[in-house]
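# Examination of the molecular architecture
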Amino acid sequence: QVQLVESGGGLVQTGDSLRLPCVASGRTVSGYDMGWFRQAPGKEREFVAAISWTLGRTNYADNVKGRFAISRDIAKNTVYLQMNSLEPADTAVYFCAARSGTYVLRSSPNEYPYWGQGTQVTVSS
């Protein structure tokens, strides 16, 4: 079992930045793929970014490319989502997720069995 705990959410203004950490515990996540997803009120959970733990390969949703960056600190067992140039449309609960590593980074939430509890990000205009 993998336990994931997100933090770092909050209320910010348009154009601000936030960094969300997600700490993994339980079993080692070496060889896993880690993802960030978000869910706004009344909307389905959507893919934001993913990273392969071992090689550091990344994948991003089109609507965050160039603004968000996913990274991991192997020594701290932590994956980060750096969010820059935030917009009101980025307002959502952000979730960290994990799955066994695959050649192609997955973007469907149904393919990730392990989830954190989420952290709220609110961007005011």
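## Let's talk about unusual backbone geometry
Excluding glycine, most residues fall at negative phi; most peptide bonds, likewise, are trans. A positive phi angle, close to 55°, is found at asparagine 77, a residue other than glycine. Here asparagine 77 lies in the loop between strand E7 (68-73) and strand E8 (78-83). The backbone of serine 85 sits at a positive phi, close to 50°, despite the residue not being glycine. Mapping serine 85 onto the fold places it in the loop between E8 and strand E9 (92-100). Residue classification places serine 85 among the partly exposed residues on the basis of a relative accessible area of 41%.

## Things to note about the pairing of E9
Among the 9 residues of E9, 7 are classified as buried, and the element is accordingly described as predominantly covered. Relative to E9, strand E4 (residues 32-39) is paired through 8 bridges, and the arrangement is antiparallel. Across the sheet, the residue bridging to aspartate 33 is arginine 99, located in E9. Relative to strand E10 (residues 114-115), E9 is paired through 2 bridges, and the arrangement is antiparallel. Across the sheet, the residue bridging to alanine 98 is tyrosine 114, located in E10.

## Some thoughts on the state of the cysteines
Enumeration according to the criterion identifies 1 disulfide in this entry. Between the sulfur atoms of cysteine 22 and its disulfide mate cysteine 96 the distance is 2.1 Å. Between cysteine 22 and cysteine 96 the sulfur-sulfur dihedral comes to about -80°; the bridge is accordingly left-handed. In this pair, cysteine 22 sits in strand E3 (residues 18-26) while cysteine 96 sits in strand E9, placing the two residues 74 residues apart along the sequence. Here cysteine 22 matches cysteine 96 in class, with each residue buried.

What counts, and at which threshold
- Residues numbered from 1 in each chain as written.
- Predicted model: local features only at pLDDT ≥ 70, side-chain atom pairs only at ≥ 80, totals over all residues.
- Heavy atoms only, no water.
- Helix = DSSP H or I, 4+ residues; strand = E, 2+ residues; numbered from the N terminus.
- Buried < 20%, exposed > 50% of the residue type's maximum accessible area, 1.4 Å probe, protein only.
- Pairing = 2+ DSSP bridges.
- Disulfide = S-S within 2.5 Å.

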